[in-house]
Amino acid sequence: MEFSGLIRGYRVDRVLSEQEKMHHLKQGQRLNLEPHYQLSVIKLNSHYLECVDKWFGWKGVLTAVMSIVIFIFSVGFLGISAVTLTSPPDLRPANESWMICAVIAAMIFPVIATAIWMLKKESFSYTHYPLHFNRVSRMVHVFRTNGTVLSVPWDKIFFTLGHLRQWNEWEVRGHVLGPDNLTVRETFSLSYVGSLATADTVPNVQYSSQDFVRAHWEFIRRYMEEGPQAVSSQIQFCIPVDGRYESFGVGMERVFANFAGAPFLIYWMMFPFCLVVSIFRWFAMRTSKIPQWPQEIEDSCKVETDDPYAIEGAADGERVAVFPAAAQAAGAHFRARPHAVRPM
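A brief look at the structure comes next. (Residues numbered from 1 in each chain as written. Predicted model: local features only at pLDDT ≥ 70, side-chain atom pairs only at ≥ 80, totals over all residues. Heavy atoms only, no water.)

### Focus on the layout of surface pockets
Here is the rule: The way it works is a 1 Å grid over only the protein atoms, where trapped points that fit a 1.4 Å probe form a cavity and open points with protein on both sides within 12 Å along at least five of seven lines form a pocket, and then any residue with an atom within 4 Å of a point lines it. Grid points are joined across faces, edges and corners, and a volume is the space filled by probe spheres set on the points. Only DSSP runs of H or I covering at least 4 residues are called helices, and only runs of E covering at least 2 are called strands; the numbering of each starts at the N terminus. Polar here means any residue outside two lists: the nonpolar Ala, Val, Leu, Ile, Met, Phe, Trp, Tyr, Cys and Pro, and the charged Asp, Glu, Lys and Arg; Gly therefore counts as polar.
By volume, the largest pocket is sized at about 540 Å³. Surrounding the largest pocket, 21 residues form its lining, Tyr 10, Arg 11, His 163, Arg 165 and Arg 173 being those nearest its centre. Among the secondary structure elements, those contributing two or more residues to the lining of the largest pocket are α1 (18–22), β8 (157–164) and β9 (169–177). Among the elements that make up the lining of the largest pocket, the one with the highest residue count is β8 (four residues). Residue composition of the lining of the largest pocket, grouped by class: five nonpolar, ten polar and six charged.

Have a look at this one:
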């Protein structure tokens, strides 16, 4: 549950830190890890891979919390104002009552305004902010939170681990550097956020099987460097948001998936929380726009007929082949066991 880059943008126009240089993830360097897609894939084919943003899994949380804050403070202000303004004149002069209301408003309204501002970071915005990896043109397209698109060559991106100190979690960030190859001009993150064991926080040759942060990077890297055949067999679900809204049921399943690896008791203790988030997630989705790539990007990613690796999500998220006969002939289907998704 991490919203850096959404509520407040990443720091840019700065020099790469020593930590970022130390954790540099190189496009041509294979890590000894099993790739993990972490429920991030919207669609995949031999031409391109499209993924959701890192905030997608927890979409609905900001809307739920901010809506509750707005409701409590609004009702509280109206209640206090009603009592103050309707008190008998012998208890409080009218001018004093209005002054009390003005003071309360001055304290409460900034809180409500801030809550509305934060709510609009998730609702009344976009349903998701897709990441598009085109292995033919070797371009990466990132749908920014303001609706514009960042397009940058895959080989020009400086990928590294980013540490989220407030939660002690990590993510893979892509930095667009200036001409000096040291100054960060823009930053985006991949789809997964997670914790690392102490040993995995140090660059090494061998990482633990629980290093899902680098494993997700390896999923993206292998697709771009080795092709769809290197990763497609592990994908069981494709997020059904390409040009459409997700259903309430799919959204609820995605929220509950954040606790898929939790003990049974904790999973059911979180049921009320997940249900509330799912309801507000539906509201956030339905009040937001579906992202649309510029026409030049759409034109550059045509799927070839009978591509055996072309997959997308059915309405319930199940992986389906775009060209079933070609996929069957090539043996391109889900073969791996489902991986438990760690909290994002």
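### Considering empty space enclosed by the protein
This structure, assessed with the given rule, holds two cavities of 30 Å³ or more. Computed from the structure, the largest cavity encloses a volume of approximately 50 Å³. Split by residue class, the lining of the largest cavity holds four nonpolar, two polar and four charged. Of the volumes computed, that of the second largest cavity is approximately 40 Å³. If you trace the second largest cavity, you find it lined by Glu 246, Ser 247, Phe 248, Gly 251, Ser 278, Arg 281, Trp 282, Met 285 and Arg 286. Every element with two or more residues in the lining of the second largest cavity is listed here: α5 (248–257) and α7 (271–286).

### With respect to the sheet that holds strand β2 (residues 24–25)
As a reminder of what qualifies: At least two DSSP bridges between two strands are needed for those strands to be called paired. Should any heavy atoms of two residues lie within 4.5 Å, those residues are considered in contact. Interaxial angle, 0 to 180 degrees, is taken between N-to-C directions of lines fitted to C-alpha atoms, where a helix line uses only the stretch in contact.
Strand order across the open sheet formed by five strands is β1-β10-β9-β8-β2, with antiparallel pairing between neighbours. Two strands close off the open sheet at either side, each with one partner strand: β1 (14–15) and β2. Contacting β2, β8, β9 and β10 (183–194), helix α4 (residues 212–226) crosses the sheet at an angle of about 110° to β10.

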